[in-house]
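Close look at the chain arrangement
Residues per chain are reported as follows:
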Amino acid sequence: MSKFIFLFIFLFSINVFAVSETQIKAVFLEKFTHLIEWPKDNNEDFLVCILQDGEFSKALKDIYASKTFKNKKVSILDIKDKNKIPNCQLLFIGKETEEIDKVISRIQDRAILTVSDDNTKTTHLVMINMFLQKNRFKYVINNKAAQKSKIKISHLLLRSAQEVIK
Amino acid sequence: MNYFSDYSIKSKLIIAILSILIFSLISFATFVLIGQYNRNSQELLNESRLQSQLIADYSVTPLLFSDIAGAQEILKKVENIPNVNSATIYDDSGNIFASYARSDYHKNYSKNIKKFVSSSEQVDKELIIISPVSHNDQVYGAVVFHVDSTQVPKAIWSYAFVLLLGMLVIVIFSLLMIFRLQNYITLPIINLAKTAQEISLSEDYTTRAQKMYSDEVGHLYDDFNSMLEKIEQRGREREEAETISHTYQAHLERLTNELEERVKGRTVELQESLDRLQNTQSQLVESEKMSALGGLVAGVAHEVNTPLGISITAASIFKNEIKTVKDLLEENKLSKSALDHFIETISEADEILIKNLDRAALLVRNFKKISVDQSSEEVRDFELNEYLLEVISTFKNELKHRPVELKLDFDNQKIPMHSYPGAISQIVVNMLQNALLHGFEHDQEGVITLTTQHKDESVLIIFSDTGKGVDPDIADKIFEPFITTKRNKGGTGLGLNITYNLINQHLKGSIILDTDNNVGARFIMEIPYSV
């Protein structure tokens, strides 16, 4: 934990000297997994898929090169074809992605936590939509979608969410 | 406690009930307060722990997302929790992440914490509660509460104050009740005591206590009244008994008086009898004396008779010889040879005559001396052994006709006396007469021994004989008057009594019968040299 805080302080200090929002979001992405339970799977690694967001993918890869998510080795995978989503635990959908609703509807029954950082287009489609508002990190949770995918989001997370879609 | 003993029943009752009441109330209040204190303390602890855990729960996401503002917002909720002085959220390094303190709270608290386990401890007036911030076994930090625990005793004090007020009300109410109710208990007792006191003062046992209730005290009234009745009855009986007693006493007095009169009469009679008896006794003593004197006279007469008879014979020789010589002279036939024979015969006769007359004269002189002694009571000086010989010389005649020998065993030294010789002579004669009369049969042989011995300032005179001895039946009363075994043979029974009296009263000596002696009788007299 301390290393993240350290990083956080580091990132904020970077922010003072123009730390990128992407980097902050990349750090916090891992935090969500603390309070989220996936149904059992046989994957050895924790597969994080990134859809159409090279910058975020790079930030993640920089930070989590040899780290773990939920005690599992992290594999970060850039998805080229939005119609072919592999069996990843977490799918980060980039801002540039077209027809997000279609992507979501295709994987809505699979245990894939969908995360986005676009608070306008994707708010009610992905399970977690994170954003910075007045320099504070906020997120909206679509618990309905999570429940459909049998992903259990902790009440702690729900409680501190800016908005929860039930 | 002694002071308490002397209090009135009323006071005792009130004090006892109040003491018990107050003690019970205080005990009850103490238990309640202790219980309440413990309960309050536990409640405060539980509540604070719950709150801190809640805050810890809320703090997971702010810590997770390094959301200090969010943490501050959560800590703001603490404001609404009473008693919490401060709340601090620490990160997993033990550094302060966010904190809140009441505006009036300026206490320093530790900047860092090291342990992230749930705990609580009392420090000074604060309860410090640590609740770890964790989720799924992952610890993100801790929440530390500083809770003001002074509220517990404060609350207890106010609770105690309310209890005290309640107790006061109970005590006052109880006091009023006791004052009202105690009358039912004490009034009958006080009344009974009053009645008892009145009766004790007036001694009027006809008074009765008026019963109030039918409780134990009521029974006491009944018993008291029945006791009074008994006392009254007893009083009556005593009065009757006294009346009877007075009657009897008067009667008794009369009887006593009569008895006294009778005793007086009898005493006079007895006195007269005694006088007569004393007269008789003195007469008897006199007659005894006379009898002793008579014996003496008879002895002396007999003694004197012999020399006088010889003298008469000598005198008749004189007469015959003188007649013979006269006849021869008238016939002128008086020869020288006849005259020589006459002179020779006369001379012999004269010698016999003078000798016997001298003897008679001596006897008479002795008799005179002794009889004078016996009849006189004068004290004079004499030598005992010599005097005893003189007395015995007058007694020889009596021994002459008896086969009894009188042995004298006198002390070699002279025994000078200054005493009553008459008494001694009478004693000796009495003792010898007694020995002859009682000790031996008329023709019985035997020895009477008369012994004298010096002993200190006295002389011992011992009469012992080889006779029959003293009858054991009378041995212990032999010196009493009228004791004799020869009443019908001329004994008066006064001999030894007179002897005893003479020795004790006149001579200031003593006489005992030596009963250890096996043969005959043995009397030991001890007579002082000088009266």
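Structure: above.
This write-up is about the structure you can find in this document. As the structure is a computational prediction, the values presented were derived from the model and not from experiment.

A few words now on the state of the cysteines. Among covalent bonds in proteins, the disulfide is the one between the sulfur atoms of two cysteines. Residues and elements named next belong to chain A. A full pass over the atoms with the stated rule returns one disulfide over all chains. Here Cys 49 is linked by a disulfide to Cys 88, with a sulfur-sulfur distance of 2.4 Å. Because the sign of the S-S torsion sets the handedness, a value of about -130 degrees for the bond joining Cys 49 and Cys 88 places this disulfide among the left-handed ones. With Cys 49 in strand β2 (residues 46-51) and Cys 88 in the loop between β4 (72-79) and β5 (90-93), this residue pair connects regions lying 39 residues apart in the sequence. Given a relative accessible area of 0%, Cys 49 falls into the buried group. We classify Cys 88 as buried; its relative accessible area is 2%.

Turning to the pairing of strand β11 (residues 510-513) of chain B, a few remarks are in order. Residue and element names in this part refer to chain B. Of the two faces of β11, the one holding Ile 511 and Leu 513 is buried and the one holding Ser 510 and Ile 512 is not buried anywhere. Direction of pairing for β11 relative to strand β12 (residues 522-528): antiparallel, over a ladder of four bridges. Looking at β12, one finds that Ser 510 is bridged to Glu 526.

Residues and elements named next belong to chain B. A surface patch of nonpolar side chains, about 610 Å² in accessible area, is lined by Phe 161, Val 162, Leu 165, Leu 168, Ile 172 and Leu 176. Of note, Ile 172 is situated in helix α5 (residues 151-202). The exposure class assigned to Ile 172 is partly exposed, which follows from its relative accessible area of 49%.

Right, let's talk about the environment of B:Glu73 for a bit. As for its placement among the helices and strands, B:Glu73 is situated in helix α4 (residues 68-76). The spacing of B:Glu73 and B:Ser59 is 14 residues in sequence and 10.0 Å in space, taken between C-alpha atoms. Here A:Arg136 takes part through its side chain, which lies 3.3 Å from a polar atom of the side chain of B:Glu73.

What follows covers the interface of chain A and chain B. On the chain B side, the residues contacting the 19 residues of chain A number 18 residues. The contact between chain A and chain B buries some 1,700 Å² in all, and 59% of this surface belongs to carbon and sulfur atoms. For the pair chain A and chain B, the interface holds two salt bridges. Here B:Glu73 and A:Arg136 are joined by a salt bridge, their closest N and O atoms 3.3 Å apart.

Reading the values: the criteria
- Residues numbered from 1 in each chain as written.
- Chains lettered and ligands numbered in written order.
- Predicted model: local features only at pLDDT ≥ 70, side-chain atom pairs only at ≥ 80, totals over all residues.
- Heavy atoms only, no water.
- Disulfide = S-S within 2.5 Å.
- Helix = DSSP H or I, 4+ residues; strand = E, 2+ residues; numbered from the N terminus.
- Buried < 20%, exposed > 50% of the residue type's maximum accessible area, 1.4 Å probe, protein only.
- Pairing = 2+ DSSP bridges.
- Patch = residues over 30% accessible without salt bridge, like charges linked within 9 Å, V, L, I, M, F, W, Y side chains within 5 Å.
- Areas by Shrake-Rupley, 256 points an atom, 1.4 Å probe, with all protein chains shown as cover.
- Salt bridge = Lys/Arg side-chain N within 4 Å of Asp/Glu carboxyl O.
- Polar contact = N/O pair within 3.5 Å; in protein donor to acceptor, adjacent residues only side chain to side chain.
- Contact = heavy atoms within 4.5 Å.
- Buried area = accessible area lost by both parts, 1.4 Å probe.

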